[in-house]
Structures are given as structure tokens and as C-alpha cells.
Amino acid sequence: MKVVVIGINHAGTSAIRTLLSMNPQAEVVAFDRNNNISFLGCGIALSVSGVVKNPQDLFYSNPEELKSMGAKIHMNTDVVSVDRNKKIVVVKDLETGATREESYDKLIYAAGSWPVNLNFKNQDLENIEVCKLYQHALKLIDQANDPNIKKIAVVGSGYIGVELVEAFAEKGKEVALIDVLDRPLGNYFDSELTGQLTEAMQKHGVKVHMGEKVQEFLPDASGKKVAKIVTDKSTIDADLVILCIGFKPNTELLADLNKVANGALIINEKAQTSDPNIFAIGDCAAIQEASSKQHRNVALATNAVKTGIVAAAQICGIETVQLKNIAGTNALCVFGLKYASTGLSEESAKRFGLKVKSCYYKDNDRPEWMNTVQKVEIKIVFEEDTFRLVGAQILSHGDSNHTEWIFALGLAIQQGLNLFEVAFTDVYFLPHLNKPFNFVLSSILKSIGMKYIK
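Residues numbered from 1 in each chain as written. Predicted model: local features only at pLDDT ≥ 70, side-chain atom pairs only at ≥ 80, totals over all residues. Heavy atoms only, no water.

A. Expanded view of the nonpolar core. Ranked by internal contacts, the top residues of the largest apolar core, which has 50 residues, are Ile-16, Val-89 and Ile-108. Every residue in contact with Val-89, bar those within four places of it in the chain, is listed here: Val-4, Ile-6, Phe-31, Val-79, Ser-81, Val-82, Arg-100, Glu-101, Glu-102, Tyr-104 and Leu-107. One finds Cys-131, Val-154, Leu-185 and Val-334 within the second-largest nonpolar core, a separate group that totals 41 residues. (Core = buried A, V, L, I, M, F, W, Y, C linked by side-chain atoms within 4.5 Å. Buried < 20%, exposed > 50% of the residue type's maximum accessible area, 1.4 Å probe, protein only. Contact = heavy atoms within 4.5 Å.)

B. Representation of helix α5 (residues 159-170) in the model. Between its first and last C-alpha atoms α5 spans 17 Å; for 12 residues at 1.5 Å apiece the expected length is 16 Å, and the two agree. Regarding α5, the residues found buried are Tyr-159, Gly-161, Val-162, Leu-164, Val-165, Glu-166, Ala-167 and Phe-168. Positive backbone phi, at 85°, marks Gly-172, one or two positions downstream of α5. (Helix = DSSP H or I, 4+ residues; strand = E, 2+ residues; numbered from the N terminus. Expected span 1.5 Å × (residues − 1).)

C. Structural detail: the sheet that holds strand β4 (residues 77-83). Strand order across the open sheet formed by three strands is β4-β5-β6, with antiparallel pairing between neighbours. In this open sheet, the two strands that pair with only one neighbour each are β4 and β6 (99-103). The average angle at which neighbouring strand axes cross in this sheet is 30°, direction not considered. In this sheet, strand β5 (residues 88-93) lies alongside β4 in antiparallel orientation, the contact comprising six bridges. Looking at the pairing, Asp-83 lines up with Ile-88 of β5. (Pairing = 2+ DSSP bridges. Axes fitted to C-alpha atoms, helices over the stretch in contact; angles between N-to-C directions.)

D. Region of the structure containing the environment of Leu-253. Here Leu-253 lies in the loop between β17 (247-249) and β18 (265-266). Leu-253 gets classed as partly exposed once you look at its relative accessible area, which sits at 24%. Considered as a pair, Leu-253 and Val-79 are 174 residues apart in the sequence and their alpha carbons are 8.4 Å apart. When neighbours within four sequence positions are excluded, Leu-253 is seen to be in contact with Val-79, Val-80, Ser-81, Val-82 and Tyr-109.

E. Up close: the side chain of Arg-366. Here Arg-366 lies in the loop between β24 (356-364) and β25 (375-383). Although Arg-366 is buried, it forms no salt bridge, and the closest oppositely charged side chain is Asp-365 at an N-O distance of 4.6 Å. In this structure Arg-366 touches Thr-372, Val-373, Pro-431, His-432, Leu-433, Asn-434 and Lys-435, once residues within four positions along its chain are discounted. (Lys, Arg positive; Asp, Glu negative; His and termini not counted. Salt bridge = Lys/Arg side-chain N within 4 Å of Asp/Glu carboxyl O.)

F. The arrangement of the sheet that holds strand β11 (residues 174-179) in detail. Spatially, β9-β16-β10-β11-β12 is the arrangement adopted by the five strands of the open sheet, whose pairing is parallel. The outermost strands of the open sheet, each flanked by one partner alone, are β9 (128-130) and β12 (207-210). If you compare each strand with its neighbour and ignore which way they point, the axes differ by 20° on average.

G. Geometry of the packing of aromatic side chains. Counted according to the given criterion, the structure contains eight aromatic pairs. Seen from their ring centres, Phe-120 and Phe-217 are 5.7 Å apart, and the 90° between their planes marks the pair as edge-to-face. Taken together, the residues span a long stretch of sequence, with Phe-120 in the loop between β8 (113-115) and β9 and Phe-217 in strand β13 (residues 214-219) at a distance of 97 residues. Both residues of the pair, Phe-120 and Phe-217, belong to the buried class. Ring geometry for Phe-387 versus Phe-420: centroids 5.2 Å apart, planes at 55°, classification tilted. Taken together, the residues Phe-387 in the loop between β25 and β26 (389-396) and Phe-420 in helix α10 (residues 419-423) connect sequence positions 33 residues apart. Overall, Phe-387 belongs to the partly exposed group, its relative accessible area being 23%. A relative accessible area of 38% places Phe-420 in the partly exposed class. (Phe/Tyr/Trp six-rings, centres within 6.5 Å; stacked < 30°, edge-to-face > 60°.)

H. Structural detail: a nonpolar patch on the surface. A surface patch of nonpolar side chains, about 290 Å² in accessible area, is lined by Tyr-428, Leu-430 and Leu-433. Look at Leu-433 and you get partly exposed, because its relative accessible area is 42%. (Patch = residues over 30% accessible without salt bridge, like charges linked within 9 Å, V, L, I, M, F, W, Y side chains within 5 Å. Areas by Shrake-Rupley, 256 points an atom, 1.4 Å probe, with all protein chains shown as cover.)

Printed below as a string of C-alpha cells:
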């Protein structure tokens, strides 16, 4: 069987490694338009701030490794079309311009995503950047170390945007954060937990412009470089602008397959698209999301690796390896705050039509008689009628880290557990580490009206 792989970043690398580990004799041909693979974009902000000294350390594989396993790897090669009837892809060598055809028995589509482009006026000015690839990381590192670049504006307050805000603030830059949302991380966390982040950023000198819509960029005296951002409410000076607005799945090559609203390819538990011979994995795929019970495009490296494993296992005939749903578990550590979330926020759940209630709870992590304690906050979201858990958010303060509770809550969401079932999770109590009624159990007790926990 011949397998063609389109895209060789996290999802593609995972699929190739898994497939050839299970079946070293498999014929695997892979294409990628980039010149590198497996770059951990989550480390870009850490490279900008200087925590990661060498961005080369953020690669965990390379074309040579995959070739040594038996794959035929073609870098700097773009796939320009897919003929599903003939089972042929047409590829173009970006160095020579030559095109050719490649046949397949099974196709693994891992084309990923690309930063959303809203085509702001004067967006082609110099020093207006996006953030995704290794090449972007190198440029941002140089700009962070450029003494002539003093004022940074980040457009978009999702995970990448907030991490870059912290990184440039640590480099001593004047930083502004701009978003149409009314608060940072607004798509992932509810207001009870995001206020602390706004306060922390402001304490570090960040100018927070929430609820503002970018309209255009203005050039400097040379007419070449960006100098200002004009929003519907203010004008902000900027020597460097980084657009972190979001990502759009690269699925144009498979225009006639079933997709969700943003273009991501709908896949089943076997990672198959509506064409059973084509598997979609990674950022271009829409997986069944456990909380909403709808297919959603949740672009996380963890989901990319999982779907890659599933696709490879299915092609190798191991049908028991499946991904029935996801919870969208993620985390962020910025400005001394440790965040984690899984499932849907209360706002998101309501947008999906779920009838939900929620409970916000704040407590010390250990018994007060242990003398030193840290604050921990949690918000849980659950269905009003069934008490099914559909979302959880944790904020851990200080030196302690309690965000790893999110793993258990993510699993509970994937398994469709209700609050009563979660409450009886078999956990330990140790005064050094937690309370007899820890913050998760206490939030559940509060949710169901049991008020004897202070």
C-alpha cells in the first residue's frame, strides 16, 4: 500500500513515525512546502524572551530521521491539486518550478493552518509580522534585540498573543495588546479568571486595549515601516506589530469534502474524512468535541499528534486505535499566573446552545494550619438538567501548580461524567499538598448547594 502525506509538521511527523514503526515496509511519500519540520511553535515566545537560548532546540525531528525510517521526503514542494477519483496528487518543486504527479492508495492530509489575514489597510508595511514558523521566530528574536524597536503592538489576545506580550515586556519593550474582545483570553476563560491577567499585564507596564477594532496602519516618515495602529477608539504608536488573530485551516485542495464553518475537514473517530481513503489530521481537521457533541476545529499540537497516530494505525489495520472525541485541554503560564482550561467556557457553552450553570470557587490550596498556602481558583461549567460537566478552568497562584487537575476534568468531559461522578474521583489527601475537601470537590459541593465547606 502506498501512502502519500501532505504536510510534515506535528501531525504529519506523528503519522509517518507511527506508520513506519508499525509497518517498516510501507511505501510512504511525503511533501511539505517548508524547509523544516517539527518546530514547536509554543516555544517562540520563550525564544523571544531569552528563556530558550537556541531556537534549534525546539525541533524534535528532521527529514533525515524520517528518511532513515524509510519515508521518501520532499521538502520545498507544494501540493497544487488532489484528484480524488484518480487518486493522484500534483506537486510542484518550489526550487525548480517543475511539476509532476504522485499516485496514492491512502492519503494523509496534514496541511495545517495559516494565520488569518484580515487585509487591514497598509498591512504590507515593514515590521508587521505573523507568528507560526521557525522563520518567524528568528525574525522576532532579531526584532526583540533591536534597540531601535522600542514599541511593540500585539493584535490578538489568545494564547500566542498574550505569551508574546509577556516576552517583549521582559525584553524591556513598551508593549500594547489590542483585541476586539472585551478581555484577554476571552475565548477560553470566563471573566472571573481573566481580570487577574489584565491586572498583571498592567502592573508590568502593558497597555491593554480591549474592545478595540483595528482599522489601519500608518507608516513612518520613510513611508516603508509601520509607525502607528489606528483602531476605532485610539491611535497607538508601534515600531513592530505582530498579528495573532487566529488561524485558518489549509483545506482548499479538498473543496468538496465535508467541513465545518471555518473550513476544517470533518473526521470520524478513525480520522477519516467523508472520503474514506483520505485521512485529515492536525490543524486542518474538525474532531468531535465532547462538551458540545459537535465537530470543532481545535488546533492544538496534542490533537495533531493523536490524530496522526490514529490515521497511521487505521492504515496499518489496527482499528481499535481511535479518537472518539476531544475536550480541548490547554494551558498557559504568563506573568506568574498558571492557567488551564478544558471543554467549554460558560460563554462558549451558551453559544453552542447548551443550557448550563456554573460555579466559581476560590480557596487556599492547603490547610491554613500548614502556615504557608497558595491561592487557587476554579470555575466549572455543567448542564443544568443533567449536571454533566462540560467545562473547567483553573488558575493557580504562587509557586504551587494545581493546573494538572485539568487532566482529570478533561477525561471526565470526554467520558460524559456528571458532577456527582466527578466528586467521587478517588483522590488522596495530604496536608503538604491539598485539603481534605480540595478545591475541585469544594466547587462541586457549592454547585449542588451544599454549603458546609467554608
